[in-house]
Amino acid sequence: MQLAFPADHPQVPPPETSGSSAGTRSAASDPRWPLILARDPAADGSFWYSVQTTGVYCRPSCPSRAARPENVRLHDTLEAARATGCRPCRRCRPDEAAHHRDAALVVRACRLIDAAERPPAHDELARKLEVGSARLRSAFEAVLGLSPKRYADARRAERLRLLLPVAATVTEAFHQAGFGSSSRFYDKAAELLGMAPNRVRAGAAAETLRVAVAPCSLGAVLVAAGERGLVAVLLGDDPDLLRRDLRARFPRAGFGEADEAFGAVVAQVVALVETPGASHALPLDIRGTAFQRRVWDALRDVETGRTLSYAELAARAGAPAAVRAVAGACAANPLAVAVPCHRAVRTDGGLGGYRWGLARKRILLDREAASSTAGASSTAAAAAPITGPAGGEAAS
Ligand SMILES: [Zn+2]
């Protein structure tokens, strides 16, 4: 049924059989040929094919009309496809690493989902992005480890969680977050939120955080905790700035002063800053998006004294192509040291960034390196304090 050939595979009279052994056998007998006919995106990366008549090589999912099997040769590697002397197809771009194309596609898809008032249907989204439904799904799975629908659901739940405490009514919050107002959506939201929307609303309004600022060898450390555990550990020089940062992060919360029990928690946090690799039993109430939490969980699994690149961290968080987003999640970490974002560095060994200042990152890494080699944490903790009014004061 080959009636017409698009630009990339124009029908050119095949060359005389040139004695090339591979050319004498039709690709139709190869078990992979049906994958080409099906343009199966799952086959991309496992083999390539070249079309002798057009001098082009393609990936299996190439959208161009299939060439005649007798003109096609299959290659196990990209190098082998290149070695034929053919040029890469302009439509399917077989040279681009699959995950780069996937990541670019997923970024565009996420923007569309984020910008839409209601999550677009999968097929509609694929149509807007001019890709097949299956390709869109597999790209999402590869880059984010989620289906587009689960991503959209998570984003909508996040929006709802933010809106519930501030919207005039629960119904209003549902509308603004992109849910309908029927009870069906209400049940779905409860499932996504992990509790009834009313309780989110009431809980957020009523929350009181216990707060204290203590001196430590890195300057000042602000410790804040809610009912379930620590919600913030912030490092800096100026206690007032730290308190302002906390209020910006928890605009609806009330702030209570520390009692004696909380003093013990603060002392543990200070000890952790002085000995950043020490194991601790501090309960953490980690609040962030699903993606941020995956990054932070991966950081907590990094051994003391070890560092890893943002790219490795992205891989461990199940999103190998999302390196920039992973760096962003590190910068957004509200629990300095307790979630050891200081262990994430650049691929070239450079320090990368640190929300609390590069000098502090350097000191924390030096302390960890010293304590993991010497085994003695107390000497390591005595490393040079950074300058500042509270410099040098340690709790222990
Ligand atoms: Zn192609």
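Reading the values: the criteria
Residues numbered from 1 in each chain as written. Predicted model: local features only at pLDDT ≥ 70, side-chain atom pairs only at ≥ 80, totals over all residues. Helix = DSSP H or I, 4+ residues; strand = E, 2+ residues; numbered from the N terminus. Buried ≥ 20, exposed ≤ 12 C-beta atoms within 10 Å, placed from the backbone. Contact = placed C-beta atoms within 7 Å. Pairing = 2+ DSSP bridges. Axes fitted to C-alpha atoms, helices over the stretch in contact; angles between N-to-C directions. pLDDT = per-residue confidence, 0-100. Core = buried A, V, L, I, M, F, W, Y, C linked by C-beta atoms within 7 Å. Expected span 1.5 Å × (residues − 1).

### With respect to the overall build of the protein chain
Next, step 1: A count of helical and extended segments in the protein chain gives 16 helices and 10 strands.
Next, step 2: The buried share of the protein chain, reckoned over its 396 residues, is 35%.
Next, step 3: Contacts in the protein chain between residues far apart in sequence, at least 24 positions, make up 60% of those at least 6 positions apart.

### A short note on the environment of Ala232
Next, step 1: Locating Ala232 in the fold gives a position in strand β7 (residues 229-236).
Next, step 2: Residues Ala232 and Asp285, spaced 53 residues apart in sequence, show a C-alpha to C-alpha distance of 8.6 Å.
Next, step 3: The contact partners of Ala232, leaving out residues within four places of it in the chain, are Leu222, Ala224, Leu246, Arg249, Pro334 and Leu335.

### What to know about the sheet that holds strand β8 (residues 254-257)
Next, step 1: Reading across from one edge, β7-β6-β5-β8 is the order of the four strands in this open sheet, with mixed pairing throughout. Both edges of this open sheet fall to β7 and β8, since each of them pairs with a single strand only. Adjacent strand axes in the sheet meet at a mean angle of 30 degrees when their direction is disregarded.
Next, step 2: Bridge analysis of strand β6 (residues 219-226) against β7 gives seven bridges, and the strand direction is antiparallel. Along β7, the bridge assignment pairs Val221 with Leu235.
Next, step 3: Sheet strands in contact with helix α10 (residues 239-249) are β5 (208-216), β6 and β7, and its direction is about 140 degrees off that of β7.

### Examining the sheet that holds strand β4 (residues 87-88)
Next, step 1: Spatial ordering of the open sheet is given by β3-β1-β2-β4, a layout of four strands whose pairing is mixed. Strand pairing shows two members of the sheet lacking a second neighbour, β3 (72-75) and β4, which therefore form its edges.
Next, step 2: Bridge count for strand β1 (residues 48-51) against β3 is four bridges, and the pairing is antiparallel. Bridging from a neighbouring strand, Ser50 pairs with Arg73 of β3.

### Quick look at unusual backbone geometry
Next, step 1: Phi at Arg39 is positive, roughly 50 degrees, even though this residue is not glycine.
Next, step 2: Here Arg39 is to be found in the loop between α1 (33-37) and β1.
Next, step 3: Positive phi values are uncommon outside glycine, yet Val337 reaches one of about 70 degrees.
Next, step 4: Mapped onto the secondary structure, Val337 falls in the loop between α14 (323-331) and β10 (344-345).
Next, step 5: The exposure class of Val337 is buried, given the 26 C-beta atoms found within 10 Å.

### Examining the confidence of the model for the protein chain
Next, step 1: With 84% of its residues at a pLDDT of at least 70, the protein chain reaches an overall mean of 79.
Next, step 2: Predicted confidence is poor over residues 1-23, with pLDDT under 50, and the contacts of this stretch with residues over four places away or in other chains come to 30 contacts.
Next, step 3: Across residues 375-396, confidence stays below pLDDT 50; counting only partners more than four residues off in sequence or on other chains, it has 47 contacts.

### Re the nonpolar core
Next, step 1: Judged by nonpolar contacts, the single largest core of 68 residues is most densely connected at Val221, Leu222, Val233, Val295 and Val326.
Next, step 2: Setting aside residues up to four positions removed in sequence, Leu222 forms contacts with Val211, Val213, Ala232, Leu234, Leu242, Arg243 and Leu246.

### Digging into helix α6 (residues 148-163)
Next, step 1: The terminal C-alpha atoms of α6, which comprises 16 residues, lie 22 Å apart, in line with the 22 Å expected from a rise of 1.5 Å per residue.
Next, step 2: For α6, the set of buried residues is Pro148, Tyr151, Ala152, Arg155, Arg156, Ala157, Leu160, Arg161 and Leu163.

### Considering the pairing of β5
Next, step 1: In this structure, β5 lies alongside β8, joined through four bridges in parallel fashion. In the sheet register, Thr208 faces β8, and the bridge partner there is Gly254.
Next, step 2: Relative to β6, β5 runs antiparallel, the two being bridged by seven bridges. Its bridge partner being in β6, Val211 is matched across the sheet by Ala224.
Next, step 3: Connecting the antiparallel pair β5 and β6 is a turn made up of two residues.

### Let's talk about the environment of Glu141
Next, step 1: Position of Glu141 among the secondary structure elements: in helix α5 (residues 133-144).
Next, step 2: When the C-alpha positions of Glu141 and Gly318 are compared, they lie 9.5 Å apart, and in sequence the two are 177 residues distant.

### Details of the environment of Ala278
Next, step 1: Counting through the fold element by element, Ala278 comes out in the loop between α11 (260-274) and α12 (290-300).
Next, step 2: Separated by 94 residues in the primary sequence, Ala278 and Ser372 have C-alpha atoms spaced 9.9 Å apart.

### As for α11
Next, step 1: The first and last C-alpha atoms of α11 sit 21 Å apart over 15 residues, in line with the 21 Å expected at 1.5 Å per residue.
Next, step 2: Tucked inside the fold, the buried residues of α11 contact β5, β6 and β7.

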